[in-house]
Amino acid sequence: MALSKTLNEGSRNVLINGNFNVWQRGTSLATAGFITDRWRSTTGLNGAMTISRQPFTLGQTDVPNNPKYFFRHAQTTAHTNTGYNHDRTRIESVETLAGKVCILTWYMKADASRTIAVRRIQNFGTGGSPSASVDTQILASQAITTSWAKYTLKFTMPSISGKTIGTANNDYVEIGFDYGAEANNTYTIDIAQVQLEANLAATPFEHRSYGEELALCQRYYETAGRGIMGGSYSATQWVGAWNFAVPKRASPTLTVPAVVTVHEPSSATYAQSSVSIVAQYPEATKFSGIGILLGNFSGMTAFRPAEVYLPDKAFVIDSEL
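Worth saying up front: this structure is predicted, and the values here are computed from it rather than measured.

### Here we look at the sheet that holds strand β6 (residues 86–92)
Strands sit in the order β2-β3-β6-β11-β8-β9 across an open sheet of six strands; the sheet is antiparallel. The sheet terminates laterally at β2 (33–34) and β9 (134–144), the two strands that pair on one side only. Of the strand pairs in this sheet, β6 and strand β11 (residues 172–178) are connected by seven bridges, and their pairing is antiparallel. Bridged to Arg 88 within β11 is Gly 176.

### Here's the deal with the environment of Phe 315
With respect to the helices and strands, the residue Phe 315 is situated in strand β22 (residues 315–318). Look at Phe 315 and you get buried, because its relative accessible area is 0%.

### Brief notes about the nonpolar core
In terms of nonpolar packing, the biggest core is built from 34 residues, with Trp 106, Val 118, Phe 177 and Leu 196 touching the most fellow members. Residue assignment for this core shows that the elements contributing at least two residues are β4 (48–55), β7 (101–110), β8 (114–123), β9, β10 (149–156), β11 and β12 (187–198). Residues contacting Val 118, with those up to four places away along its chain left out, are Leu 104, Trp 106, Thr 136, Gln 137, Ile 138, Leu 139, Leu 153, Ile 175, Gly 176 and Phe 177. Among the nonpolar cores identified, the runner-up in size contains 20 residues, and Ala 224, Val 262, Tyr 270 and Ala 306 belong to it.

### A closer look at unusual backbone geometry
Look at the link from Leu 310 to Pro 311: it is a cis peptide, with omega at -10°. A positive phi angle is found at Asn 169, which is not glycine, with a value near 55°. Structurally, the position occupied by Asn 169 is in the loop between β10 and β11. Since its relative accessible area comes to 25%, Asn 169 is described here as partly exposed. Phi is positive for Gln 193, close to 45°, though the residue is something other than glycine. Summarising the element assignment, Gln 193 is placed in strand β12. With a relative accessible area of 3%, Gln 193 lands in the buried category.

Rules of the game
Residues numbered from 1 in each chain as written. Predicted model: local features only at pLDDT ≥ 70, side-chain atom pairs only at ≥ 80, totals over all residues. Heavy atoms only, no water. Pairing = 2+ DSSP bridges. Helix = DSSP H or I, 4+ residues; strand = E, 2+ residues; numbered from the N terminus. Buried < 20%, exposed > 50% of the residue type's maximum accessible area, 1.4 Å probe, protein only. Core = buried A, V, L, I, M, F, W, Y, C linked by side-chain atoms within 4.5 Å. Contact = heavy atoms within 4.5 Å.

The following block contains the structure:
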């Protein structure tokens, strides 16, 4: 079961975090996957990269309306293939903009003269008998310079008439930037203010507050830690409940990245000897929270209140596409 397909249905820009303000996972990472929220990056075959948040110089005018940050893809080891090296985002629901004239705009610069492409995928999800994905390179070659410039691409999103959407509620539209033309090179690509809208002509970038953008991102990924309330279930187990800031897209996955320390008021702190999730109990209708049972503590007194003390990001919940 899924909730409303998107939380930003009234927005002109259907992309989330196109201004690159939200970085829940960290602001500099060298692994493939989601790094800045809602954007997935790949290294390419035999390649290595660092994705990082970079600050704009205060008062700069190359990119308008005083954005705070931009996205940097630094390919530190060259990839040797011409595909699968990219920065892309997925938009919930393959129905998004189907059959409409669309405008994609973005700002970009590079460390030297570079060439990028733009790709769009309509994925009909899994479960049942969904239609095959429609994978199209909608811009084969765009020259990028060492100065910030705005780029505009007009295209029609294919109709989904006659198609079949899977039953697993994980269909999407994917769009983003491919770097196959830069195979065997190291390079740096900077990106800012990416917008996708249904329109006949480009409009100014749609700004949302940080709080609104964060809430949109938290539909797919959220962290929590210090202050989560619970109690000792036994001498070796802690049980607690986490009510999410935003209901999730679908039934989420819980991970505990590091050992957790809990604090019993007026007593002591207790740390896991190693990470152990004994059980998890996600709310199964609205995907709005989860019960958590952790193990590998010692010395606690059963049935006493205890809150999570460390780390700040003790729990990660993931409902990404």
